Amino acid sequence: MTIKNALRDHGQRYRPRMACLKKAEKVLLEMQDPCTGVKSQPQRLVITIIPHAITGEDIIAWLADRFQVEAQEARSLGSMLVSLGYIYPLQDHKNLVIKPDASLYRFQTPYFWPTQQWPVEDTDYAIYLAKRNIRKKGMLELHEQEQYNHLHKWMNHKWDFIVMQAKEQYRAAKERKKPDRVVFDCQERAYWVVHRPPPGTVSAMDYGPERRTDPNADETQTPDDYERIMIFTQQSIMRPRVKSSVSIGALVKYCSTYSGHDPFLSKCLPSNPWLTDDTTFWALNMPNVEIPTKMRVERWTFSFKELLSDPRGRDDFRLFLKKEFSGENLAFWEGCEDLKWGTAVAMKEKAEHIYKTFLARGAPRWINIDGKTMEITVKGLKHPHRYVLDAAQTHIYMLMKKDSYGRYLKSPVFKETLKKAICPDEHRFNEVQLEQNARNRRPSLSPIIIRQQEQEQRAKMAASAPVDITQLCRFTTPVPHLAVYSGIPDPPSATASPSLPFLAHTPVCPSPISVALDSTSASERRLEASEGEGKTEAQAPDGGSLSKSRMALSLRRLLKRGCSPSAMFASLSPKCHTAATTSSRIQPITPEEPSHAPPRRIGK
């Protein structure tokens with residue numbers, strides 16, 4: 001094998017993994033010790049006797065005795081040594097694992113160890129494939145044939161040199177003895193299986209992007225470097241310190257709190273899916289499951305961050321905030337998270353929508369933040385970016401954490417969820433059931449499909465939820481700046497609409513009474529006026545009594561008539577459509593009436 005490379009290696013020997021490789025080499029040297037190592041002896045492979053061969057069961061037994069571990073862990077350690085290229089198989093070259101039987105293995109020569117300071121070049125791989133092509137007379141494996149054609153096309157300018165080197169190495173190999181020829185062929189094949197693995201297999205030598213600088217080299221210090229060190233030291237001195245006992249106590253408290261919820265430190269109920277291949281655990285802990293588990297609900301009490309990180313806990317917290325008429329705080333926080341982690345294309349549009357919905361003057365879901373934070377946010381919105389709303393989001397987050405979170409843990413909503421939470425029983429499987437679960441194992445769904453399913457489920461929940469006309473959205477807002485009801489609307493102007501005169505040039509929302517009066521038909525007004533005429537004559541003739549009687553008549557008319565689906569209420573609810581030609585109203589249902597009685601229609 002010819003390896004000539006004048007370039008320095010800037011990859012693997014600068015990696016932190018080098019410490020792991022050094023430890024593996026120490027173990028390998030102990031295994032090769034003639035007195036205390038693994039016993040090797042000549043073994044027959046078909047008709048060829050291979051010297052210094054060892055079996056897989058001997059390797060596993062030595063590792064288990066040396067490190068005082070179980071056979072399963074010793075087998076995993078042996079498979080890691082094979083995948084790193086320190087031990088190579090003589091029979092099954094494709095599977096780089098240790099088999100607990102009489103399969104033959106050999107120790108790799110140090111020339112092929114991964115700690116060598118030369119990188120793997122494509123030229124050497126092309127020579128190896130050309131040599132195998134000559135030996136096999138063109139009968140290469142599928143992935144080797146694809147690599148051979150690719151390298152032939154890419155290195156066409158020096159392919160004659162590659163073929164010449166391959167023929168020379170093939171001629172030199174034929175002059176060796178057959179056992180040596182078989183051993184060298186297995187060594188070289190194992191090396192290239194490690195460094196050029198077949199498609200679909202994970203390479204143990206994947207180091208990621210190469211480094212072009214040595215992090216351990218001594219850099220020349222400049223005055224700027226010393227200035228940065230001085231600034232860092234001054235900042236470190238001014239930074240508040242915590243006693244080691246306090247920090248260790250906090251760490252112990254954290255570990256004791258989360259130890260029962262760690263699947264590697266405690267039991268998973270009903271069973272550990274990584275050991276039993278039973279997916280019940282994942283089904284019970286889906287993001288938007290209807291009834292959560294008791295451990296999942298208990299985790300919400302650890303911190304406010306845990307509650308918001310769980311989609312099911314966030315839905316429960318949203319229900320509590322809706323009952324306290326402060327659901328806009330969580331909606332604003334979720335909007336900021338969507339802006340922060342969403343796509344860059346819709347970033348400007350999302351920032352503008354959040355401002356109009358939560359921060360603008362007269363916004364439909366206005367949130368309460370201080371003036372300084374509002375000033376910083378408005379100034380940043382002139383040039384919006386992902387983190388432009390961080391100040392306002394932090395303010396609302398701390399408000400919910402210090403105020404709403406504590407009341408939520410004491411609220412009937414959380415207590416009811418904790419009461420309904422399930423505590424599954426432990427599932428015990430025998431060997432036959434475990435094998436059946438392993439045969440029924442299926443690959444997990446794609447994250448894209450899971451996200452689509454969550455969106456569909458969220459849309460179904462939103463469609464089945466009751467409509468709240470007090471919570472506006474951007475598709476139902478009739479004007480960009482709506483104001484709350486102030487009691488008495490402005491007098492209508494000459495250009496006002498005949499049906500809804502208050503929507504023409506007034507920023508003040510009308511009262512529900514005026515909406516009911518304006519949408520009442522003329523025949524109803526005459527009938528109700530004639531009914532209340534006798535009562536108004538009994539009052540004093542002054543203007544105050546007349547206004548009071550008119551107000552009483554208006555209230556009576558509103559209560560009698562019900563909620564009219566006028567254009568105003570239609571604009572407040574995304575589920576209510578305006579009726580252009582008909583006027584219907586919602587009648588109260590008495591116990592004698594059926595629950596689905598059709599509404600009474602009154603023509604104008």
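All values derive from a computational prediction rather than experimental measurement.

## Brief notes about the packing of helix H4 (residues 122-136) against helix H6 (residues 159-174)
1) Next: Packing of H4 against H6 leaves a shortest axis separation of 8 Å and a crossing angle of 60 degrees. In terms of their interaxial angle, H4 and H6 are classed as oblique. Judged by the sense of rotation from one axis to the other, the crossing of H4 with H6 is right-handed. Between H4, through Ala126, Ile127, Ala130, Lys131, Ile134 and Arg135, and H6, the contact on the second element is made entirely by Trp159, Ile162, Gln165, Ala166, Lys167, Gln169 and Tyr170.
2) Next: Tallied by class, the residues present in the contact of H4 with H6 amount to 8 nonpolar, 2 polar and 3 charged.

## Considerations on the pairing of strand S2 (residues 48-55)
1) Next: Here 4 bridges tie strand S1 (residues 41-45) to S2, and the two strands are oriented antiparallel to one another. Within S2, the position partnered with Arg44 by the bridge is Ile49.
2) Next: With 2 bridges joining them, S2 and strand S4 (residues 104-107) adopt antiparallel strand pairing. Looking at the pairing, Thr55 lines up with Leu104 of S4.

## A word on the side chain of Asn133
1) Next: By the element assignment, Asn133 lies in helix H4.
2) Next: Residues within four places of Asn133 in sequence aside, it is in contact with Gly138, Leu140 and Tyr148.

## A few points about the nonpolar core
1) Next: Counting 34 residues, the largest nonpolar core has Phe304, Phe317, Phe332, Leu359, Leu389, Met400 and Tyr408 as the members making the most contacts within it.
2) Next: Secondary-structure elements contributing two or more residues to this core are helix H13 (304-309), helix H14 (311-323), helix H15 (327-341), helix H16 (347-359), helix H18 (390-409) and helix H19 (412-420).
3) Next: When sequence neighbours within four positions are dropped, the list of residues in contact with Met400 reads Phe304, Phe317, Leu321, Asn329, Leu330, Trp333 and Tyr405.
4) Next: Counting residues in hydrophobic clusters, the runner-up holds 27 residues, among them Ala24, Leu28, Ile59 and Ile60.

## Observations concerning the pairing of S4
1) Next: Across the two faces of S4 the burial is the same, with Leu104 and Arg106 and Tyr105 and Phe107 all buried.
2) Next: Here strand S3 (residues 87-89) pairs with S4 via 3 bridges, running antiparallel. When the sheet's bridge partners are listed, Ile87 is paired in S4 with Phe107.

## Here's the deal with the confidence of the model for the protein chain
1) Next: Summary statistics for the protein chain give a mean pLDDT of 76 and a share of 70% for residues scoring 70 or more.
2) Next: Confidence drops under pLDDT 50 across residues 470-523; counting only partners more than four residues distant or on other chains, this segment forms 70 contacts.
3) Next: The low-confidence segment residues 561-600, where pLDDT is below 50, has 52 contacts with residues more than four positions distant or belonging to other chains.

## As for the environment of Arg365
1) Next: Inspection of the secondary structure assignment puts Arg365 in the loop between H16 and helix H17 (371-380).
2) Next: Judged by its relative accessible area of 18%, Arg365 falls in the buried class.

## Focus: the packing of aromatic side chains
1) Next: Overall, the coordinates contain 18 aromatic pairs when judged by the stated rule.
2) Next: Pairing Tyr191 with Trp192 gives two aromatic rings, centres 5.1 Å apart and planes at 80 degrees, and the pair type is edge-to-face.
3) Next: Given the relative accessible area of 3%, Tyr191 is considered buried.
4) Next: Trp192 sits in the buried class, given a relative accessible area of 2%.
5) Next: Seen in terms of ring centroids, Phe304 and Tyr397 are 5.2 Å apart; in terms of plane orientation they differ by 50 degrees. Their pairing is tilted. With Phe304 in helix H13 and Tyr397 in helix H18, this pair connects stretches of sequence that are 93 residues apart. Grouping residues by exposure puts Phe304 and Tyr397 together as buried.
6) Next: Ring pairs connect the aromatic residues Phe304, Phe317, Phe320, Tyr397, Tyr405, Tyr408 and Phe414, which therefore count as one cluster.
7) Next: Seen from the ring of Phe184, Arg176 lies directly overhead, with NZ or CZ sitting 4.9 Å from the centre.

Conventions we followed
- Residues numbered from 1 in each chain as written.
- Predicted model: local features only at pLDDT ≥ 70, side-chain atom pairs only at ≥ 80, totals over all residues.
- Heavy atoms only, no water.
- Axes fitted to C-alpha atoms, helices over the stretch in contact; angles between N-to-C directions.
- Helix = DSSP H or I, 4+ residues; strand = E, 2+ residues; numbered from the N terminus.
- Parallel < 35°, antiparallel > 145°, perpendicular 65-115°, else oblique.
- Left-handed = near helix turned anticlockwise from the far one by under 90°.
- Contact = heavy atoms within 4.5 Å.
- Nonpolar A, V, L, I, M, F, W, Y, C, P; charged D, E, K, R; others polar.
- Pairing = 2+ DSSP bridges.
- Core = buried A, V, L, I, M, F, W, Y, C linked by side-chain atoms within 4.5 Å.
- Buried < 20%, exposed > 50% of the residue type's maximum accessible area, 1.4 Å probe, protein only.
- pLDDT = per-residue confidence, 0-100.
- Phe/Tyr/Trp six-rings, centres within 6.5 Å; stacked < 30°, edge-to-face > 60°.
- Lys NZ or Arg CZ within 6 Å of the ring centre and 35° of its normal.

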